[in-house]
Amino acid sequence: MPVYWILLPKRGCSNLSEQKRLIRPLLRLFKGYRILVLADREFHSIKLAHWLHSEGIDFVLRQKQGTYIRQENESYQSLQSLGLNPGISFFLNRIQSTKQKGFGKFNLAGYYKRKYRGKLEPAGWFLLTNLDSLKDAIKAFKSRSGIEAMFGDCKTGGYNLESTYADGQRLIALILLIAIAYTCAILAGRNSRSLGLQNYVGRLKELKRLHRRHSAFWVGLYGRFWRSFRSGDW
């Protein structure tokens, strides 16, 4: 699935006009294709959901716990009052999101991953969507985990893109170079894994660690230093 990372030339949250201005070029680029927009809580706006739906775009937008909803023939209630606890999931059809008037009704998926191997997520997900089932909404939003990891690799976890303060054509050139370098690093990391080297670089036997410490990207980017040290070529 192609992933696109949109940068704003400012700090803080974006408003609807900025979001529409950034999304519209992608709509033209992928005209004729089915598009699914996944967004975290900065983009929880019912106005954005209404606009995406009017454009024929599928969406899954994570909501803030303080958001108010109203189900059919019921009073408004905040999302945090719905009792979303670890191991719980639900799907509400055609709810009204927020107390603002004049917007269509959409579906709400709730999901809180159960405690696993002693690890508990800090909060569950409230997802406003025009998809038709809990399974589809959760499956779509879970793909963000890989996207977030990629963002981290491109920022402080690897290439420090944000610290360049680049914009315009220079930013586009840097993103293109990072895309090429990122691909090369992942391929190198996967090659190290196939040779059995990642087991050493990743430090699998650290005390109380159950999973690999480093991703294929990290091993591909920095693993060469470990190999050079082991071979005495440093």
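Residues numbered from 1 in each chain as written. Predicted model: local features only at pLDDT ≥ 70, side-chain atom pairs only at ≥ 80, totals over all residues. Heavy atoms only, no water.

Peer 1: Would you mind showing me how to read helix H5 (residues 168-194) here?
Peer 2: Each α-helix winds once per 3.6 residues, and so residues spaced three or four apart point in a common direction. The end-to-end C-alpha distance of H5, which contains 27 residues, comes to 39 Å, matching closely the 39 Å that a straight helix rising 1.5 Å per residue would cover. Where H5 is concerned, the buried positions are Leu171, Ile178, Tyr182, Ala185, Ile186, Gly189 and Ser192. Where H5 terminates, the next one or two residues include Gly196, which has phi positive at roughly 85°. (Helix = DSSP H or I, 4+ residues; strand = E, 2+ residues; numbered from the N terminus. Expected span 1.5 Å × (residues − 1). Buried < 20%, exposed > 50% of the residue type's maximum accessible area, 1.4 Å probe, protein only.)

Peer 1: It is not clear to me how the sheet that holds strand S3 (residues 68-70) should be interpreted in this structure. Could you clarify?
Peer 2: Across a sheet, paired strands are connected by hydrogen bonds in the backbone, their directions being either parallel or antiparallel. Reading across the sheet, the 7 strands line up as S1-S2-S7-S6-S5-S3-S4 and stay open at both edges, with mixed pairing between neighbours. What marks the edges here is a single partner per strand, and that holds for strand S1 (36-39) and strand S4 (77-78). Judged from the 2 bridges that link them, S3 and S4 form a sheet pairing that is antiparallel. Considered in S4, the bridge of Tyr68 is made with Ser78. Seen against the sheet, helix H2 (residues 46-54) touches S1, strand S2 (58-62), strand S5 (89-97), strand S6 (106-111) and strand S7 (125-129) and runs at an angle of roughly 170° to S2. Docked against the sheet, helix H3 (residues 134-142) engages S1, S2, S5, S6 and S7, running at close to 110° with respect to S7. (Pairing = 2+ DSSP bridges. Contact = heavy atoms within 4.5 Å. Axes fitted to C-alpha atoms, helices over the stretch in contact; angles between N-to-C directions.)

Peer 1: Before we go on, may I ask you to explain the pattern of salt bridges in this structure?
Peer 2: Opposite charge on two side chains allows them to pair when their charged atoms are near. Under the criterion given, the structure shown has 5 salt bridges. Two residues, Asp40 and Arg41, come together in a salt bridge whose shortest N-O distance is 3.8 Å. The shortest N-O distance in the salt bridge between Asp40 and Arg144 comes to 3.5 Å. One end of the pair, Asp40, is in the loop between S1 and H2; the other, Arg144, is in helix H4 (residues 144-154), with 104 residues separating them in the sequence. (Salt bridge = Lys/Arg side-chain N within 4 Å of Asp/Glu carboxyl O.)

Peer 1: How should I be thinking about the nonpolar core in this particular structure?
Peer 2: The tendency in soluble globular proteins is for nonpolar side chains to be buried as a group. Ranked by size, the top nonpolar core spans 23 residues in total, and within it Ala49, Leu52, Phe59, Leu108 and Leu128 carry the most contacts. Going through the elements one at a time, helix H1 (16-29), S1, H2, S2, S5, S6 and S7 are the ones with two or more residues in this core. The biggest single contributor to this core is H2, with 5 residues. Each residue touching Leu108, except ones within four places of it in the same chain, is listed here: Ile69, Leu79, Leu82, Phe90, Phe91, Leu92, Ile95, Phe126, Leu127 and Leu128. Core analysis: the second largest hydrophobic core is formed by 12 residues, Ala109, Ile138, Ala140 and Phe141 among them. (Core = buried A, V, L, I, M, F, W, Y, C linked by side-chain atoms within 4.5 Å.)

Peer 1: I'm lost on the packing of aromatic side chains in this one. Help?
Peer 2: What characterises a pair of aromatic rings is the spacing of the ring centres plus the angle enclosed by the ring planes. Per the counting criterion, the structure on display carries 5 aromatic pairs. On the numbers, 6.3 Å between centres and 85° between planes, the contact of Phe30 with Tyr33 is edge-to-face. Given the relative accessible area of 22%, Phe30 is considered partly exposed. The interplanar angle of 85° and the centroid separation of 5.3 Å between the aromatic rings of Phe59 and Phe106 together place this pair among those described as edge-to-face. Here Phe106 lies in strand S6 and Phe59 lies in strand S2, a separation of 47 residues in the sequence. Each member of the pair, Phe59 together with Phe106, is buried. Cluster of aromatic residues (ring-pair linked, three or more members): Tyr111, Trp125 and Phe141. Residue placement shows Arg70 over the ring face of Tyr76; its charged tip is 5.6 Å from the ring centre. (Phe/Tyr/Trp six-rings, centres within 6.5 Å; stacked < 30°, edge-to-face > 60°. Lys NZ or Arg CZ within 6 Å of the ring centre and 35° of its normal.)

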